Structures are given as structure tokens and as C-alpha cells.
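Topology and contacts: notes
Listed here are the chains, written in short residue letters.
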Amino acid sequence: MTHSHASSAAALLDWYQAMGVDEAIEDTSVDWFARTEKPRPVAKTPPAREFPQNQPSPSEPRPGFASIAPDEAVMDARERAANAKTLEELERSLSQFDGCALKATAKKMCFKRGSDTARVMLIGEGPGRDEDLQGLPFVGRAGQLLDKMLGAISLTEDDVYITNIVYWRPPGNRTPSAQEVQACLPFLNRQAELLNPEFLVLIGGPASLNLLGTKQGITKIRGTWRTCEIGGKTRRAMPMLHPAYLLRTPAAKRLAWRDLLTLKAALGAKE
Ligand code: URA
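Small disclaimer: the values here were computed from a predicted structure and weren't measured. (Residues numbered from 1 in each chain as written. Predicted model: local features only at pLDDT ≥ 70, side-chain atom pairs only at ≥ 80, totals over all residues. Heavy atoms only, no water.)

A word on the site of the ligand
Gly 124, Glu 125, Gly 126, Pro 127, Glu 131, Pro 137, Phe 138, Asn 164 and His 242 make up every residue found near the ligand. In the environment of the ligand, a nitrogen atom lies 3.0 Å from a nitrogen or oxygen atom belonging to the backbone of Gly 126. Protein burial of the ligand: of its 240 Å² of free accessible surface, 91% is covered by the chains. By residue class, the composition of the shell around the ligand is three nonpolar, four polar and two charged. (Near = heavy atom within 4 Å. Polar contact = N/O pair within 3.5 Å; in protein donor to acceptor, adjacent residues only side chain to side chain. Areas by Shrake-Rupley, 256 points an atom, 1.4 Å probe, with all protein chains shown as cover. Nonpolar A, V, L, I, M, F, W, Y, C, P; charged D, E, K, R; others polar.)

Pasting the structure below:
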């Protein structure tokens, strides 16, 4: 390789990295949607897969995804969510749900981390690369910071229940689309209903905006108690700055600390 070829290849790699590409999959892109052979009726669920669900490798065709219209996907999600009697059943049913397009590109589903008897439910934006590899929410760098933040107010994984507004990684860590969120929302609602937490912590802008239905930015609303209609109840919900943002903006950590103390006070007051 000549020097100029090498430097333009390096520049291209820099560009990919800046755009959030952190994984090389194949030389030619694959149109997963074009691979669907026949539309599959939504009501018929595929045979139960291994649980927790592990996705086939990206080189295998994955039937079913493109055939589900968004409203049908939401109806299927609602029916599945309503039929699940426990959090385990809900996770199993979600693993057989094909109505969220993110599933086509993700490696693993990330349903939850933490305790099924927690008083606090934390909801983030969506799995990233590390989460996608491990099948657990908030286990990468941001997750490690989140654990430290919770540790600072004496909370461990046994005291919280952590999930996201979507259960599969958005490609390149982009913000999940409204349609992807809508497809997952019936499961999140039921998850909140079955867990029945006293407090919700909404981590970052997308989780806060989707669940509070406000147009106000996260920097305005962070640290304030709001109400959230979720899981058949009005629950107290506090938006918080996302730990990924705090990693990029360490000066904002003092605001996050203030918000954590607000959460700690609420937990203490009800103990
Ligand atoms: N960021 C999120 O919002 N959720 C995760 O699970 C990981 C990173």
C-alpha cells in the first residue's frame, strides 16, 4: 500500500469511528428486509426458542421481520404482554416477538438486569455494543458508571431493576425510532406492572421524553419528580442525565449527584 492509500484508509477508519461504527460485519451490505420470503401472519408465533434467546449469526436469513405492519406489531405486543403472568413469562414471550425491526440487526435481546423485587426501576435508551454482546442492559462503560453512581447512594444491583425503552441495540447506537419504541412499549408497560416499582428513574433524553410525553429537554427536567402513567398506575418518575453523557461531560456529574440524593431522600422517606 502506498503512503497516500494508507493515509486515506486511515482517514476513512477515523470517519467510521467518529460516526459510531464499532463493528465490521461483512464487505457487502445485506438488506435483511429483502430476504423475507413470504409475509408471516402475526398471530402465529414461531416455535419456542432457546431461552434466553440467542440470535442466529447475521449470515443466516431471519424470516418474518419485514412482514409485520407497525400497528399489527403493536397489537401482537399488547396481546403477548397481557398474556404474560410473570416477568419470566414476559421475557420469554418478548424473545419470540418479531415486531421490532431492531431485532433483525441485534445479536442478543436485553430484557433486564437487577432484582425482580426492586423498589426502583431504571429505564435507559437502548442497548449498546457491550449490552448487545452480553444480553444485559447497562454493562458497558456507561453501565459501569451507572453502577458507581448507584453505589454512591448505597444501592446495588439487588436494589434496582434496570431496563431500556427498546430491548435490542439500535445499529450504530442511534436513537431508537418512534416505531421501534412503540413496538416495545406494551412489554415495558407490563414489565412495570409486574414489577410494580415505587419509583422510576428515566435515564437520558429519549427515555424521559418517550415516557413523560414532554417536549422539555433533559437538562431542564432532570432531578425533578414527575408523574408517569405506566403499568396501570401513576408512578413517581425522575429524569436523570445519562451516564454516557456524564462520561463525555464530567462537569455535569455534580448535577447527577444532586439527583441521586433526591432519589435517596425519596427512598429513605418511604422506608
Ligand atoms: N445506554 C443505555 O441507554 N442503555 C444501555 O443498556 C446501555 C447504554
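Some points on the packing of helix 3 (residues 87-95) against helix 6 (residues 178-195)
Between helix 3 and helix 6, the shortest axis-to-axis distance is 10 Å and the interhelical angle comes to 165°. One element, helix 3, and the other, helix 6, form an angle in the roughly antiparallel class. As helix 3 runs across helix 6, the sense of the crossing is left-handed. Packed against helix 3, whose contacting residues are Leu 87, Leu 90, Ser 93 and Leu 94, the element helix 6 presents Phe 187, Arg 190, Gln 191, Leu 194 and Leu 195 at the interface. Taken together, the residues of the contact of helix 3 with helix 6 sort by class into six nonpolar, two polar and one charged. (Axes fitted to C-alpha atoms, helices over the stretch in contact; angles between N-to-C directions. Helix = DSSP H or I, 4+ residues; strand = E, 2+ residues; numbered from the N terminus. Parallel < 35°, antiparallel > 145°, perpendicular 65-115°, else oblique. Left-handed = near helix turned anticlockwise from the far one by under 90°. Contact = heavy atoms within 4.5 Å.)

Observations regarding the pairing of strand 2 (residues 120-124)
By the criterion of burial, strand 2 is predominantly enclosed, with five of the five residues buried. Judged by which residues are buried, strand 2 turns out to be covered on both faces: Val 120, Leu 122 and Gly 124 on one side and Met 121 and Ile 123 on the other are all buried. The pairing of strand 2 with strand 4 (residues 199-203) spans four bridges and is parallel. Bridging from a neighbouring strand, Met 121 pairs with Leu 200 of strand 4. (Buried < 20%, exposed > 50% of the residue type's maximum accessible area, 1.4 Å probe, protein only. Pairing = 2+ DSSP bridges.)

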